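Report on the structure
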Amino acid sequence: MMKKNRIMIFDTTLRDGEQCPGASMNLREKLAIAHQLARLKVDVIEAGFPVISEGDFEAVQTIAREIKGPMIAGLARCVAKDIDAAGAAVKPAGKRGRIHVFLATSKIHREFKLGKAQDEIIRLAVEGVRRAKGFVESVEFSPEDGSRTEPDFLVEVCKAVIAAGATIVNVPDTVGWAVPEEYGALIQHLHDSVEAFSNGRAIISVHCHNDLGLAVANSLAAVRAGARQVECTLNGIGERAGNAALEEIVMALKTRADFYGGVECGVVTQEILKSSRLVSRMSGLIVQRSKAIVGENAFAHSSGIHQDGILKKRETYEIMDPQDVGWGGTELPLTKHSGRAAMAARLKHLGFKMTDADIQAIFARFKEIGDKKKFVYDDDLTALVEGHITEVPETWTLDYLHVTCGNLTVPTATVRLRRNCEGGEVCQDASIGDGPVDAALKAIDRLTKTKGSLRDYALRSVSEGQDAMGEVTVKVDFGNQQIVTGKGAGTDIVEASTRAYLNAVNRFLSSPSQKTKS
Ligand code: KIV
Ligand code: ZN
């Protein structure tokens, strides 16, 4: 039985987070995040929705096999084939496997989506939980749209699924409708009405969406009312406006332990920033500068009065120590003279588990960067590793890029690409455009015979100084709702942009829908 004041952190970055449009990730990217979540010491990783696609199944199964520490959950509707797929996918995790079954319970969903009466919903929920119990000990049930479900019916659902074997009942605020006082009162009502919650035989979990910007506040109100598991995502990514942000929940509970009655969670907070950055790079979703805890400005004090106060006593204007969430503490940078062993040692120190082949490939890029800039900082190295992880089979490789631009010049780009197929065809084209990047992308479209439209473009500096590496993230629409993220890094922003676009093209060409055409 769990300690009464222990809050379980259930991370759903790889499931609900990935449902954020344009955030879909491949297996290597998901695995890299899962390894980091294990270092962060979350209690549960919801690794995906196995029945949805072969890719999701493989991701959950691989994570269940490779990740040690947290429980690994797979999501399933209350349908036999979903539950069976989730059971098979989490099997390699053994006793750490969990099946998370959900079924809508609110009146609006019952009447308009499912066309089912209350007793039918209870029957299906119980059947689903029993079936899941045939695969794993740990079964979680979610009454979808729980916050808009009649409270007394919700009590009935909780009692029925617990009797059927569920040990966690999650109460989703699926559409972000709840407000803290009301949601807290609902959780309190469940806690007081279902004996299994007060005697610790089952726990209440919460899962809040951020449509009104209240996901974190609602989750915290629920903790005050007795919830003992919080479902959240790094950087708050997720469906629509996202989910409750893990970093905010964890730091609120830690910083305001006085208010939350000394509850504790097992997260290693010093790993938060690294985790946030990894998710941002893997998902292509940029973190806003003023984002709490992990935004660039989260600990930046610009007012002279504040700076003076901080110098006198940090706590005058800082409620958290930035180092507690992973800010600061940079090591001596590497240079082009650093050898492979030094780079490999630094990668290990940064927490990356790499094969010799990975190190070889990263070292080649490290040398290229080292030639162009004086120091290679940890952030530069991290960007190189993450670039390597996000690499996809390269149908096309950039061989040569030349651009001309200026205030009185028509921007022109010459691009040479190598096709990685038998014979290794090399082709070249030139194009004009609205700017050098636009010209290069047009040339790529012509050479690869794809037609992408740029939906989003973001450039950020990876490290500091004039020779800092730039990292470009693009979202490219290839039609038929296929929005693909591409990433590229380099000391030259036109080159980084071209690499990012080509990365998106290669991703698109290696996606299952395109592979079946070729
Ligand atoms: O928001 C939601 O209701 C969900 C459930 C599947 C838990 O994501
Ligand atoms: Zn959700």
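Nothing here was measured: the structure is a model prediction, and the numbers come from that model.

Further remarks concern the overall build of the protein. Within the protein, the secondary structure is distributed over 18 helices and 14 strands. Computed over its C-alpha atoms, the radius of gyration of the protein comes to 25 Å, within 12% of the 24 Å expected for a compact globule of 518 residues. The buried share of the protein, taken over its 518 residues, is 54%. Working note: accessible area of the protein is about 23000 Å², and carbon and sulfur atoms make up 53% of it. Averaged over its 65 positive side-chain charges, the protein has a centre that lies 3 Å from the centre of its 67 negative ones.

Moving on: unusual backbone geometry. In this structure, Arg240 takes a positive phi of about 50° despite not being glycine. Tracing the chain through its elements places Arg240 in the loop between strand S8 (229–232) and helix H10 (246–255). Under the relative-accessibility criterion, Arg240 is labelled partly exposed at 44%. Even without being glycine, Lys449 reaches a positive phi, approximately 55°. Inspection of the secondary structure assignment puts Lys449 in the loop between helix H16 (436–448) and strand S12 (453–461).

Inspection of the region around ligand 1 gives Arg15, Asp16, His100, Phe102, Ser142, Glu144, Asn170, Pro172, Thr174, His207 and His209 as its neighbouring residues. Residue Thr174 places a side-chain N or O atom 2.6 Å away from an oxygen atom belonging to ligand 1. Considering ligand 1 on its own, with 260 Å² of exposed area, one finds that the protein chains cover 94% of that surface. Looking at the shell around ligand 1, the elements that each hand over two or more residues are strand S4 (97–104), strand S5 (138–144) and strand S6 (168–173). Of the residues assigned to the shell around ligand 1, the class counts are 2 nonpolar, 6 polar and 3 charged.

Right, let's talk about the side chain of Lys373 for a bit. Structurally, Lys373 can be placed in the loop between helix H14 (356–372) and helix H15 (378–389). A distance of 2.7 Å separates a polar atom in the side chain of Lys373 from a polar atom in the side chain of Asp380. Ignoring anything within four residues of it in the chain, the contact list for Lys373 reads Asp380, Ser463, Asp467, Ala468, Met469 and Thr491.

Within a sheet, neighbouring strands are paired by backbone hydrogen bonds and run either parallel or antiparallel to one another. With antiparallel pairing, the 3 strands of this open sheet are ordered in space as S12-S13-S14. Each of the sheet's edge strands pairs with one partner strand only, and the pair in question is S12 and strand S14 (483–490). Put simply, the sheet's adjacent strands are angled 15° from each other on average, direction ignored. Two elements, S12 and strand S13 (residues 470–477), share 8 bridges in a ladder whose sense is antiparallel. What sits directly across from Tyr457, in S13, is Val474.

Here we come to the sheet that holds S5. The strand order S1-S2-S3-S4-S5-S6-S7-S8 describes a closed barrel built from 8 strands, whose pairing is parallel. When the angles between neighbouring strand axes are averaged without regard to direction, this sheet yields 25°. Here S5 runs beside S6; their pairing, made up of 2 bridges, is parallel. Bridge pairing links Glu140 to Ile168 in S6. Docked against the sheet, helix H6 (residues 151–163) engages S5 and S6, running at close to 145° with respect to S6. Packing of helix H9 (residues 215–224) onto the sheet brings it into contact with S6, strand S7 (203–208) and S8, and relative to S7 it is tilted by some 170°.

Here the focus is the side chain of His100. Note on placement: His100 falls in strand S4. One polar contact links His100 to Glu46, side chain to side chain, over a distance of 2.7 Å. Polar side-chain contacts of His100 include one of 2.6 Å to the side chain of Ser142. Ignoring anything within four residues of it in the chain, the contact list for His100 reads Phe10, Glu46, Gly74, Leu75, Ala76, Glu140, Ser142, Asn170 and Glu231.

We now examine H6. Taking 1.5 Å as the rise per residue, H6 with 13 residues should run 18 Å; its terminal C-alpha atoms sit 18 Å apart, in good agreement. Among the residues making up H6, those that are buried are Phe153, Leu154, Val155, Val157, Cys158, Ala160, Val161 and Ile162. Buried residues along H6 sit in contact with helix H4 (107–114), helix H5 (118–133), S5, S6, helix H7 (180–193) and helix H8 (195–198). Phi turns positive, to about 125°, at Gly165, one or two residues after H6.

For the zinc ion (ligand 2), the full set of protein donor atoms is Asp16 (OD), His207 (NE2) and His209 (NE2), and the range of their distances to it is 2.0 to 2.1 Å. In primary sequence terms, the donor set of the zinc ion (ligand 2) follows D-x190-H-x1-H. Judged on exposure class, the residue His207 and its partner His209 are both buried.

Before going further, it helps to spend a moment on the nonpolar core. One recurring pattern in soluble globular proteins is that nonpolar side chains are buried together. Judged by nonpolar contacts, the single largest core of 118 residues is most densely connected at Ile9, Ile45, Ile99, Phe141, Ile187, Phe197 and Met343. For this core, the leading source of residues is H6, giving 8 residues. Beyond its immediate sequence surroundings of up to four residues, Phe141 is in contact with Cys78, Val101, Phe102, Leu103, Ala125, Val129, Val157, Val161, Ala166, Ile168, Val169 and Asn170. Judged by nonpolar contacts, the second largest core, of 24 residues, contains Trp396, Leu398, Val415 and Val476.

Here the protein is partitioned into domain 1 (8–283), domain 2 (298–328), domain 3 (340–389) and domain 4 (396–517). The gap between the C-alpha centroids of domain 2 and domain 4 is 40 Å.

On to the pairing of S14. Where burial is concerned, most of S14 is hidden: 7 out of the 8 residues are buried. Bridge count for S13 against S14 is 8 bridges, and the pairing is antiparallel. When the bridges of S14 are listed, Val472 appears paired with Gly488. Counted between consecutive antiparallel strands, the loop separating S13 from S14 contains 5 residues, among which Gly479 sits at a positive phi close to 85°.

Here the focus is helix H3 (residues 80–90). Along H3, the residues classified as buried are Asp82, Ile83, Ala85, Ala86, Gly87, Ala89 and Val90. On its buried face, H3 is in contact with helix H2 (54–66), strand S3 (71–77), S4 and H5.

Here Thr395 is to be found in the loop between H15 and strand S9 (396–406). When its relative accessible area of 21% is taken as the criterion, Thr395 is described as partly exposed. Each C-alpha atom of the pair Thr395 and Ala430 lies 20 Å from the other, and the pair is 35 residues apart in sequence. Discounting residues that sit within four places of it in the chain, Thr395 has contacts with Arg418, Arg419, Asn420, Asn506 and Leu509.

What counts and what doesn't
- Residues numbered from 1 in each chain as written.
- Chains lettered and ligands numbered in written order.
- Predicted model: local features only at pLDDT ≥ 70, side-chain atom pairs only at ≥ 80, totals over all residues.
- Heavy atoms only, no water.
- Helix = DSSP H or I, 4+ residues; strand = E, 2+ residues; numbered from the N terminus.
- Rg over C-alpha atoms; globule rule 2.2 N^0.38 Å.
- Buried < 20%, exposed > 50% of the residue type's maximum accessible area, 1.4 Å probe, protein only.
- Areas by Shrake-Rupley, 256 points an atom, 1.4 Å probe, with all protein chains shown as cover.
- Lys, Arg positive; Asp, Glu negative; His and termini not counted.
- Charge placed at Lys NZ, Arg CZ, Asp CG, Glu CD.
- Near = heavy atom within 4 Å.
- Polar contact = N/O pair within 3.5 Å; in protein donor to acceptor, adjacent residues only side chain to side chain.
- Nonpolar A, V, L, I, M, F, W, Y, C, P; charged D, E, K, R; others polar.
- Contact = heavy atoms within 4.5 Å.
- Pairing = 2+ DSSP bridges.
- Axes fitted to C-alpha atoms, helices over the stretch in contact; angles between N-to-C directions.
- Expected span 1.5 Å × (residues − 1).
- Donors = N, O, S within 2.8 Å, 3.2 Å for Na, K, Ca; no water.
- Core = buried A, V, L, I, M, F, W, Y, C linked by side-chain atoms within 4.5 Å.
- Domains from an automatic or database assignment.

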